[in-house]
Amino acid sequence: MTSLTTSTIWITGASSGIGEALALDAAKRGAKLVLSARRVSELERVRAACPEPLKVALLPLDLMAFDAAEAVAKAESFFGPIDVLVNNAGKSQRSLLVDTSMDVYRQLMELDFFAPVALTRALVPSMRARKSGHIVMISSIAGRIGAPLRTGYSAAKHALAGFTEAARAELWRDGLRFTTVFPGYVRTSIALNALSGDGQLHGLTDKHIDGGIDAADCADSIWCAVEAGDEEVFMGGKEVAYERLKRYLPGLFSFALKRSNVNR
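Calculation rules
- Residues numbered from 1 in each chain as written.
- Predicted model: local features only at pLDDT ≥ 70, side-chain atom pairs only at ≥ 80, totals over all residues.
- Heavy atoms only, no water.
- Helix = DSSP H or I, 4+ residues; strand = E, 2+ residues; numbered from the N terminus.
- Rg over C-alpha atoms; globule rule 2.2 N^0.38 Å.
- Buried < 20%, exposed > 50% of the residue type's maximum accessible area, 1.4 Å probe, protein only.
- Contact = heavy atoms within 4.5 Å.
- Areas by Shrake-Rupley, 256 points an atom, 1.4 Å probe, with all protein chains shown as cover.
- Lys, Arg positive; Asp, Glu negative; His and termini not counted.
- Charge placed at Lys NZ, Arg CZ, Asp CG, Glu CD.
- Phe/Tyr/Trp six-rings, centres within 6.5 Å; stacked < 30°, edge-to-face > 60°.
- Lys NZ or Arg CZ within 6 Å of the ring centre and 35° of its normal.
- Expected span 1.5 Å × (residues − 1).
- Arc of directions from axis to C-beta.
- Polar contact = N/O pair within 3.5 Å; in protein donor to acceptor, adjacent residues only side chain to side chain.

**Q** Give me the lowdown on the overall build of the chain, citing residues and values where you can.
**A** Helices and strands together make up the secondary structure of the chain, namely nine helices and seven strands. At 18 Å, the chain has a C-alpha radius of gyration in line with the 18 Å of a compact globule built from 264 residues. Counting every position in the chain, which comprises 264 residues, the buried fraction comes to 47%. Summarising the internal contacts of the chain: among those between residues at least 6 apart in sequence, 70% fall at separations of at least 24. Only carbon and sulfur atoms are counted for the fraction: they give 55% of the accessible area of the chain, which is about 12,100 Å². For the chain, the distance from the average site of its 31 positive side-chain charges to the average site of its 29 negative ones is 4 Å.

Written out as structure tokens, the structure is:
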């Protein structure tokens, strides 16, 4: 099993939301951290909130324009080999298909799918050489359910889940573990920062996000799953039940989804 206390953990999207909560929780458990995001000032704020800031390194990174091999080399220069990579950075969407430009779809796929694939691909060789390593992919319930207003986001998160399942089947003999996380509604700024159809920020929250689970509770569930070696973990409210409904009663699920309020 993966012990956080003895691990060096690299978290992308660590400047806010689930990524920040994961960093603070892991720091309390004694892990060494490499934190990545674009906003350096926010990364510094997160590091300052950790109990042992000297065990936290900052690696500013723009996942829309980066060299994965260089990023991995830099990440491993701080505390040595990365034991756990958490591909958390991402962006959501709030726009109907007919209103969404192809550029927005490409941005979502680049950030939510291609970037974590690139980092994973660049890091896997050193993990295979050590016969040890854990990759955590933050997907979404939208990676199992095609949610309205999220055609591009759902597509990217479905792709991420499929990639991870296949990679797990390929690399388990090499000592690598993969955990796919499917959060439902979590109280973060994900809706505010979501892309509209023209590429502008959505700029609005919604009642589902506001009524979601706390990011700290989400982080705790994720780390418990990682330490237990769980391959998949779901968390949230009734939206998690919708995933089960789709699995066991797909006709009923489709009926309900098509009649949901897509303009919320």
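**Q** Can you explain the packing of aromatic side chains? Please cite residues and give values.
**A** This model, assessed by the stated rule, comprises three aromatic pairs. Seen from their ring centres, Phe113 and Phe163 are 6.3 Å apart, and the 90 degrees between their planes marks the pair as edge-to-face. Placement of the pair is Phe113 in helix H4 (residues 102-130) and Phe163 in helix H5 (residues 151-171), with a sequence separation of 50 residues. Judged by relative accessible area, which is 14%, Phe113 ranks as buried. Cluster of aromatic residues (ring-pair linked, three or more members): Phe113, Phe114 and Phe163. For the cation-ring pair, Arg144 lies above Phe182, with the distance from its terminal atom to the ring centre recorded as 4.9 Å. Taking NZ or CZ as reference, Arg259 lies 3.8 Å from the ring centre of Phe255, over its face.

**Q** For helix H7 (residues 215-228), give the residues involved together with the corresponding values.
**A** Taking 1.5 Å per residue, 14 residues should reach 20 Å; H7 reaches 20 Å between its end C-alpha atoms and fits that length. What H7 keeps buried is the set Ala215, Cys218, Ala219, Ile222, Trp223, Ala225 and Val226. Here the buried residues of H7 occupy an arc of 160 degrees about the axis, which is enough to place them on one side. A side-chain oxygen of the first residue of H7 lies 2.9 Å from the backbone nitrogen of Ala216; this N-cap is Asp214. A positive phi of about 80 degrees marks Gly229, the residue just after H7.

**Q** Lay out helix H3 (residues 68-79) in plain terms, naming residues and giving numbers.
**A** Three or more residues of H3 are buried, namely Ala68, Ala71, Val72 and Ala75. Down the axis of H3, the buried side of the element spans an arc of 100 degrees, and every buried residue falls inside it. Of the exposed residues in H3, those oriented more than 90 degrees away from the buried face are Ala69 and Glu70. Residues of H3 that are buried make contact with strand S1 (8-12), strand S2 (32-36) and H4. Regarding H3, its N-cap is Asp67, as a side-chain oxygen of that residue lies 3.1 Å from the backbone nitrogen of Ala69 further along. One or two positions beyond H3, positive phi appears at Gly80, with a value near 100 degrees.

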